[in-house]
Every structure is written in structure tokens, then in C-alpha cells.
Amino acid sequence: MMIRPFTSSNFICNTVLLMTSTLILLSGTQLASGIVADTMLDEAVATYDLAMETTDSEERLERFRHAGRLFAQVIETHGLHNAALYVNRANAALQGNELGKAVLGYRRALHLEPAHKQARKNLEHARHMLPDWVPRPAATSLFDTFFFWYQGMSPPGQRLAAAIGFACAAIPGAIALRYRRRGVMNLAGIAAIAWLVLATTSAWNRRPGQAEDMVVTAPRTIARSADSSGAPPRFRDPLPAGTEVSLITKRDAWAHIRLANGRDTWVRLNAVTPVRMP
């Protein structure tokens, strides 16, 4: 099912005497850009719908891939980064048998909107299309279980939640110290523990040197034991597009990566794409 992403159509304010010619020109340029983006988006959706109705397998495949390119162009050319657009891009890639681009699109959608249900569901489906030997990231963790609402927030939202938690701990704590109320003190203690967990997690997610999530987007990437084309293969089979990895370090044209099961290897840098948008 296609998601029709929201794109903000730029507007021109009512002309007033104090509006400069520069602002008028800027507004006109932004409006034109918005119209072009909407037109391209309409074409992408129409191409996807046409592909859904196509019976010839080769033509159907090519139309899905063309729709994917159009969605990508809307994102990259016009800078419209939202979860719905990335899900649409990923859906077209998945239907076009481009598993690497599909996994990358779903991961980017979840990076922007961690609680996006369709992105998470479709990502799990795409992961199950990979060969059985390819390690997959854990779907949930203990932290996800107890703080699912927190994981669904954007990074700024997480920091705001931590700040609110601090206020909920500090205010009752001050009242308890002033009036010697044990019940209020206990409440402040619980809030302080919650704040500590949230603040620590937020700081951990933003720590320097944090491993960068990446996706193998090149088909049949040979993983090697060192950063050299002459190094022996690390695994029996090449890494398929769609394999999720984390970056350890870069060296010239090579990337030292770690798979979800902890094993490390070297691949060509152009074989992997960061989840975080440039």
C-alpha cells in the first residue's frame, strides 16, 4: 500500500510595502521548486500504480525501478526528507528486486521516525528475503521493551523527555527536602532513576566515535580479510545487497565493517551506504 507523503507547497505572502524585492524573488523561487517537486512526486506515484497493474514481468520490474528513481530524485534534488517518502522509495525498490535500496530506505525512514509501523514491518519482511546465513540485527532489546515510547521519539524529542524527567525529579525532591515528606521523596527518587536512564541513553546515542550504521547496497560484495583486493575472502559467499552492518573505520577506498553477529570484514567503500542521510 502506497503512502502519499506530505510535501509542503510553498506560499507567497500578501505583498506589503515593507517586503523587499529579494524576499519576493526568494518566495517565487521556492514556490516554483515546490511545484516541480509535487509534479515529480505525482509522476512517481503514477508510475508505481502503473507498475502494480502491469502483467509483463520485465516491464513491471522496470516500472517499479523507474518509480524508485523518481522518488529518489524528489528526495535528493528537492531535499524532502520525510519517513513517508523513504518508505515509498523502499517499496518501489523492494518490488523492483533492489533489496539493498529497499533495506536502506526503510532504515532511513526509521531513522527519521522510529515508530513508523509500516517501515518497521516492511523492513522485517525485507530482512527475511536475505539468505539464511546473513546475520540480522535484533528486532527489539530489553530497553525497547520497557521504554518503547522513548525509542519512538526523534533525538530532539528524547532530549526533551530527559529534561522533563529531570524537572519531575528535581521539583518533588526540593519539596521533600523542604517539608520532610517521605512520600514525595520516594516519588522524586523514582523520577530521578527514570531521568538517569533517559539521560544516559541520550548521551550514549550521541557519544563520539559511535559506530555508523550502514547497508550493503552493491550486489554480491566480496568481503575480504584485509583492505586489499588480493586478500582472501572472509566468508564463503559474497555479502548480498541488503546486509546491515556497522562501520568500524575507513581506509582509503576500503571500509572495515562489523556484521550483526559481531564478525568483522573489509569491503570496498562504495559497496556500502550510510543509513544517516548526508
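Residues numbered from 1 in each chain as written. Predicted model: local features only at pLDDT ≥ 70, side-chain atom pairs only at ≥ 80, totals over all residues. Heavy atoms only, no water.

### Comments concerning the overall build of the protein
This is how the line gets drawn: Strands here are runs of E lasting at least two residues and helices are runs of H or I lasting at least four, both read from the DSSP assignment and numbered beginning at the N terminus. When accessible area is computed with a 1.4 Å probe and restricted to protein chains, residues below 20% of their type maximum are described as buried, those above 50% as exposed, and intermediate ones as partly exposed. The contact definition used throughout considers only heavy atoms, calling two residues in contact when any of these lie within 4.5 Å.
Tallying secondary structure elements over the protein gives 9 helices and 5 strands in all. Going from the N terminus to the C terminus, the protein shows its helices and strands as α-α-α-α-α-α-α-α-α-β-β-β-β-β. Per-residue burial for the protein yields a buried fraction of 39% across its 278 residues. For the protein, the share of sequence-separated contacts (at least 6 apart) that also reach a separation of at least 24 residues comes to 57%.

### Here's the deal with the pattern of salt bridges
Inclusion rule: A carboxyl oxygen of Asp or Glu within 4 Å of a side-chain nitrogen of Lys or Arg is what we treat as a salt bridge.
Enumeration according to the criterion identifies 10 salt bridges in this entry. The salt bridge partner of Glu 59 is Arg 63, with a shortest N-O separation of 2.6 Å. Of this pair, Glu 59 and Arg 63 both sit in helix α2 (residues 57–78), 4 residues apart, roughly one helical turn. Across the pair Glu 124 and Arg 127 runs a salt bridge whose closest N-O atoms are separated by 2.6 Å. You can see Glu 124 and its partner Arg 127 sitting in helix α5 (residues 117–127), 3 residues apart, about one turn around the helix. Among the charged side chains, a network of salt bridges with common partners joins Arg 107, Glu 124, Arg 127, Asp 213 and Glu 244.

### Re the sheet that holds strand β3 (residues 254–259)
Defined as follows: A strand pair is defined by DSSP finding two or more bridges across the two strands. Note on geometry: axes are lines fitted to C-alpha atoms, helical ones only across the stretch in contact, with angles between N-to-C directions running from 0 to 180 degrees.
Within the open sheet, the 5 strands sit side by side as β4-β3-β2-β1-β5. Their pairing is antiparallel. Every interior strand has two partners, whereas the edge strands, β4 (264–268) and β5 (272–274), have only one. Taken over all neighbouring pairs, the strand axes of this sheet differ in orientation by 45° on average, direction set aside. Contacts from helix α4 (residues 99–112) reach β1 (212–216), β2 (244–251) and β5, with the element oriented near 155° to β1.

### Quick notes on the packing of α4 against α5
Short version of the rule: Throughout this description, any angle smaller than 35 degrees is read as roughly parallel, any larger than 145 degrees as roughly antiparallel, any in the 65 to 115 degree range as roughly perpendicular, and the remainder as oblique. It is the rotation of the near helix from the far one that decides the hand of a crossing: anticlockwise by less than a right angle makes it left-handed, clockwise makes it right-handed.
Their axes nearest at 9 Å, the elements α4 and α5 cross at an angle of 150°. With respect to each other, α4 and α5 are oriented roughly antiparallel. Once α4 is placed against α5, the crossing between them reads as left-handed. Here α4 contributes Leu 99, Val 103, Tyr 106, Arg 107, Ala 109 and Leu 110 to the contact with α5, which in turn contributes Ala 119, Arg 120, Asn 122, Leu 123, Ala 126 and Arg 127.

### Focus: the packing of aromatic side chains
Defined as follows: Two rings from Phe, Tyr or Trp (for Trp, the six-membered ring) form a pair when their centres sit within 6.5 Å of each other. Planes less than 30 degrees apart are called stacked, planes more than 60 degrees apart edge-to-face, and all others tilted.
Evaluation of the coordinates by the stated rule reveals 2 aromatic pairs. Centre to centre, the rings of Tyr 48 and Phe 64 are 5.1 Å apart; their planes meet at 70°, and the pair counts as edge-to-face. Here Tyr 48 is found in helix α1 (residues 21–53), whereas its partner Phe 64 is found in helix α2, with 16 residues between them in sequence. Across the pair, Phe 64 and Tyr 48 agree in class, each one buried.

### Some thoughts on the nonpolar core
Just so we agree on the cut-off: Definition of nonpolar core: a set of buried residues of the types Ala, Val, Leu, Ile, Met, Phe, Trp, Tyr and Cys, connected through side-chain atoms within 4.5 Å.
Counting residues in hydrophobic clusters, the biggest one holds 37 residues, and the most contacted among them are Phe 71, Leu 85 and Tyr 106. When contributions to this core are tallied by element, the ones reaching two or more residues are α1, α2, α3 (83–95), α4 and α5. Sort the elements by how many residues they give to this core and α3 lands first, with 8 residues.

### Thoughts on the side chain of Arg 89
Inclusion rule: Counting rule applied: Lys, Arg positive; Asp, Glu negative; His and chain ends not counted.
In this structure, Arg 89 sits in helix α3. Although Arg 89 lies buried, it forms no salt bridge, and the closest oppositely charged side chain, Glu 98, sits 4.5 Å away as judged by the N-O distance. Those residues in contact with Arg 89, other than ones at most four positions away along the chain, are Gly 68, Phe 71, Ala 72, Ile 75 and Lys 101.

### As for the layout of surface pockets
Short version of the rule: The pocket and cavity definitions rest on a 1 Å grid over protein atoms only: a 1.4 Å probe that fits but cannot leave marks a cavity, an open set with protein on both sides within 12 Å along at least five of seven lines marks a pocket, and residues lining either have an atom within 4 Å of a point. Grid points are joined across faces, edges and corners, and a volume is the space filled by probe spheres set on the points. Residues are grouped as follows: Ala, Val, Leu, Ile, Met, Phe, Trp, Tyr, Cys and Pro are nonpolar; Asp, Glu, Lys and Arg are charged; all remaining types, including Gly, are polar.
What the second largest pocket holds in volume is close to 280 Å³. Taken together, 14 residues form the lining of the second largest pocket, with Ala 72, Glu 76, Arg 89, Leu 104 and Arg 108 sitting closest to its centre. For the lining of the second largest pocket, the elements supplying multiple residues, two or more each, are α2, α3 and α4. Partitioning the lining of the second largest pocket into residue classes produces 5 nonpolar, 4 polar and 5 charged.

### Regarding the side chain of Thr 243
The topology assignment puts Thr 243 in the loop between β1 and β2. According to the relative accessible area criterion, Thr 243 is buried, its value standing at 0%. Apart from the residues within four sequence positions on either side, Thr 243 is in contact with Leu 130, Val 134, Met 214, Val 215 and Val 216.

### Things to note about α3
Along an α-helix, residues three or four positions apart point the same way, because every turn accommodates 3.6 residues. Let me state the cut-off plainly: In this analysis, the expected span of each helix is defined as 1.5 Å times one less than the number of residues it contains. Any N or O atom pair separated by 3.5 Å or less is treated as a polar contact, with the protein-specific requirement of one donor-capable and one acceptor-capable atom, and with residues adjacent in sequence counted only for side-chain atom pairs.
Between its first and last C-alpha atoms α3 spans 18 Å; for 13 residues at 1.5 Å apiece the expected length is 18 Å, and the two agree. Extensive coverage of α3 is indicated by the burial of 12 of its 13 residues. Every buried residue of α3 is accounted for by Ala 83, Ala 84, Leu 85, Tyr 86, Val 87, Asn 88, Arg 89, Ala 90, Asn 91, Ala 92, Ala 93 and Leu 94. Where α3 starts, the residue carrying a side-chain oxygen 3.3 Å from the main-chain nitrogen of Ala 84 turns out to be Asn 82. The positive-phi residue at the C-terminal boundary of α3 is Asn 97, with phi of around 60°.

All we've got here are geometric facts, nothing functional implied.
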